[in-house]
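# Architecture and fold: a report
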Amino acid sequence: MESETSESPASLELASGGDEESAVLDNEDMIKNFYLFLEDNKLESLEDLILYESFDVNLIFEAKYSFVRRKYQGWRALHIAALHNKVKIARFLLHEGSDVNLVTPEGDTALHLAAKNGAADMISLLLEYNIFLRDRPNNQGITALLKACVSYHHAFKGNYRRSVSLLLGAGCNPNIPSSSLVTPLHVAVDQGDPLLVQKLLNAGANVNACCERNICPLLRALIIKYVNSEVLTCLLEAGADTSVKLNSRSALHIAVSRCDDRIVQTFLKHGADPNSIDNVDKTPLWLAVEEDNIKVVSILIASGAEVNYIRQPQCLSILSLAITNNSYPMVKLLLELGASVYTETFMWSTPLHLAVDKGNKDIIKELMRYNCAMNTTSNAKYALRPLTPLQLAMETGSLEIIELLIVCGCKVNFAWLKEHMLSPSLARRPYVVDSLRKHMAEIPPLLHLTRLSLREYMGPNFKQCLQYLKDEYIVPLKLIDYLSLTDVLDS
């Protein structure tokens, strides 16, 4: 006969289920305490929990636990300690069996997380336990060294410099790229820190490594928002290839557009081609003239840039470009450095035509000093009506420029001053027409006509002829000045 106090099987099953549920709740409370002690940096409480409760230090903080922050879901205790540089806790966890090789869902080891925050002491500790963590990539192919370089722009650069030094000192390979082929050197260039760049170069970083967009560190240094001249110098001195191109523009093209004269000089010193042509037929010198950069123009020409380069299809010369920009200092410099005044565009405009069209008297005078062609015709203004420089000046109606051109040797035709032949500008200025008729009625001195004939005879060799006459003492210096139209052009 069974005792009345004995429990039924159903009641035993309920009691067993209640014990299991209680055990689960107790375990979750323990995990919560472990997590909170870890976050609050309570080492003694952690020691008590782990040593006396036989707690698993490699436990995963799963998403099912409501008390776990979202970013820590799937992490271990060592990951959290490494991220926040809790060195004492990390040392204890490692001593109690934390596996330094375990990773987060993103594939980050504790070393990745320590490197991300520049935790140098933590990095040193983790490398002591497993030095082979140094080159292990995460899911994106990013190593701890690359992580440290990416975060290098933060306020406390000293910590990151020490972290990079520790990683490189441990033998990290500075040439392991991410999944997009970005290397630590690419990232260091982005940070604009020459010390970091030099550290990586000293450790053997490949200065010409290209990412998936085919951009090397040198090009990256040129296209970032703020160009750092020290970084560029480091790369060039380390042997960066100066012939690389981005969208058909050479590194020198980009340097001319974005850098100062010292950097351009450094590029040229390291073998950059001053006559390279981009996809729109512009040379570095063309860009420098276009931007009116006097210093860079001098450096480029001294390094072998072609001063008489003609850009197709307009057949526009470097000098003509400076004239169209209306830059007298640039025109003066180019002429001094050997630019020819005997060029023509595809519509036969000479530099003098362009200067007259701009109405710049100073540039016109400078061209006269180099004995430019005076009477050639251009169809630039009217396709079916060729004009000489003087006729072009008459179109604009500037008496001062017209008189200057006539005195300097531009030939004039009386028919141009007939009423039906006058330009609208001259027709509105009868006093200019009267002045021109009076001027043309006067016969110039024979000596003046002679020098104009001599200048026309010498043509493009004018400067060389005068220099020869001067060096050989064939004619007096005063006569050389007279042939140079000094009395007209300096007045």
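Residues numbered from 1 in each chain as written. Predicted model: local features only at pLDDT ≥ 70, side-chain atom pairs only at ≥ 80, totals over all residues. Heavy atoms only, no water.

This paragraph deals with the nonpolar core. Of all hydrophobic cores here, the largest spans 151 residues; its most connected members are Phe-267 and Leu-334. Excluding its chain neighbours within four sequence positions, the residues that come into contact with Leu-334 are Val-289, Val-297, Ile-301, Val-307, Ile-318, Leu-319, Ala-322 and Ala-339. Formed by six residues, the second largest nonpolar core is a distinct cluster that contains Met-458, Phe-462, Leu-466 and Ile-480. (Core = buried A, V, L, I, M, F, W, Y, C linked by side-chain atoms within 4.5 Å. Buried < 20%, exposed > 50% of the residue type's maximum accessible area, 1.4 Å probe, protein only. Contact = heavy atoms within 4.5 Å.)

Before going further, it helps to spend a moment on the pattern of salt bridges. If the charged atoms of two oppositely charged side chains come close together, the side chains can form a pair. Inspection of the entire model under this criterion finds 15 salt bridges. Note that Asp-121 is salt-bridged to Arg-162, the shortest N-O span being 2.9 Å. Of this pair, Asp-121 sits in helix H6 (residues 120-129) while Arg-162 sits in helix H8 (residues 157-169), and the two are 41 residues apart along the sequence. As a salt-bridge pair, Lys-411 and Glu-456 come within 3.9 Å of each other at their nearest N and O atoms. One end of the pair, Lys-411, is in the loop between helix H22 (399-407) and helix H23 (424-427); the other, Glu-456, is in helix H25 (residues 446-458), with 45 residues separating them in the sequence. (Salt bridge = Lys/Arg side-chain N within 4 Å of Asp/Glu carboxyl O. Helix = DSSP H or I, 4+ residues; strand = E, 2+ residues; numbered from the N terminus.)

Moving on: the packing of helix H2 (residues 43-53) against helix H4 (residues 87-95). One way to put it is that H2 packs onto H4 with a least axis distance of 10 Å and a crossing angle of 10°. Here H4 runs roughly parallel to H2, going by the angle between their axes. Viewed along their axes, H2 and H4 form a crossing whose handedness is right-handed. Note on element contacts: H4 touches H2 through Lys-88, Ile-89, Phe-92 and Leu-93, opposite Leu-43, Leu-46, Glu-47, Ile-50 and Leu-51. Partitioned by chemical class, the residues of the contact of H2 with H4 number seven nonpolar, no polar and two charged. (Axes fitted to C-alpha atoms, helices over the stretch in contact; angles between N-to-C directions. Parallel < 35°, antiparallel > 145°, perpendicular 65-115°, else oblique. Left-handed = near helix turned anticlockwise from the far one by under 90°. Nonpolar A, V, L, I, M, F, W, Y, C, P; charged D, E, K, R; others polar.)

All told, the structure shown has seven aromatic pairs when counted by the stated rule. For the pair Tyr-72 and Trp-75, a centre-to-centre distance of 5.3 Å together with 50° between the ring planes defines the contact as tilted. Residue Tyr-72 is classed as buried on the basis of its relative accessible area of 0%. Relative accessible area serves as the criterion here: at 7%, Trp-75 is assigned to the buried category. When the ring of Trp-286 is compared with that of Tyr-309, the centres are 6.5 Å apart and the planes differ by 90°; the resulting orientation is edge-to-face. Here Tyr-309 lies in the loop between helix H16 (294-302) and strand S3 (310-311) and Trp-286 lies in helix H15 (residues 284-290), a separation of 23 residues in the sequence. Summarising the burial analysis for this pair, Trp-286 and Tyr-309 share the class buried. Here the aromatic residues Phe-34, Tyr-35, Phe-61, Tyr-65, Phe-67, Tyr-72 and Trp-75 are joined through ring pairs into a cluster of three or more. Between Arg-451 and the ring centre of Tyr-482, over which it is positioned, the NZ or CZ distance is 3.8 Å. In this structure, Arg-455 is placed above the aromatic ring of Phe-462, and the distance from its NZ or CZ to the ring centre is 4.7 Å. (Phe/Tyr/Trp six-rings, centres within 6.5 Å; stacked < 30°, edge-to-face > 60°. Lys NZ or Arg CZ within 6 Å of the ring centre and 35° of its normal.)

Our focus in this paragraph is the packing of H8 against helix H10 (residues 194-202). Interaxial distance between H8 and H10 falls to 11 Å at its minimum, and their mutual angle equals 5°. One element, H8, and the other, H10, form an angle in the roughly parallel class. Contact residues: H8 offers Arg-161, Val-164, Ser-165 and Leu-168, while H10 offers Leu-195, Leu-196, Lys-199 and Leu-200. In terms of residue class, the contact of H8 with H10 is built from five nonpolar, one polar and two charged.

What follows concerns the environment of Trp-348. By the element assignment, Trp-348 lies in the loop between helix H18 (328-336) and helix H19 (351-358). Residues Trp-348 and Glu-395 lie 47 residues apart in sequence; the distance between their C-alpha atoms is 18 Å. Excluding residues that lie within four positions of it along the chain, Trp-348 makes contacts with His-353, Thr-377, Ser-378 and Asn-379.

Attention now goes to the confidence of the model for the protein chain. On average, residues of the protein chain score 89 in pLDDT, and 94% of them are at 70 or above. Note on residues 1-25: pLDDT under 50 across the span, and one contact to partners over four residues away in sequence or across chains. (pLDDT = per-residue confidence, 0-100.)

Count 3.6 residues to each turn of an α-helix, and residues three or four apart come out pointing the same way. All of the buried residues along helix H20 (residues 361-369) are Ile-363, Ile-364, Lys-365, Glu-366, Leu-367 and Met-368. Against the buried residues of H20 lie helix H17 (318-324), H18, H19, H22, H25 and helix H28 (486-489). Count one or two residues on from H20 and you reach Asn-371, which has phi positive near 60°.

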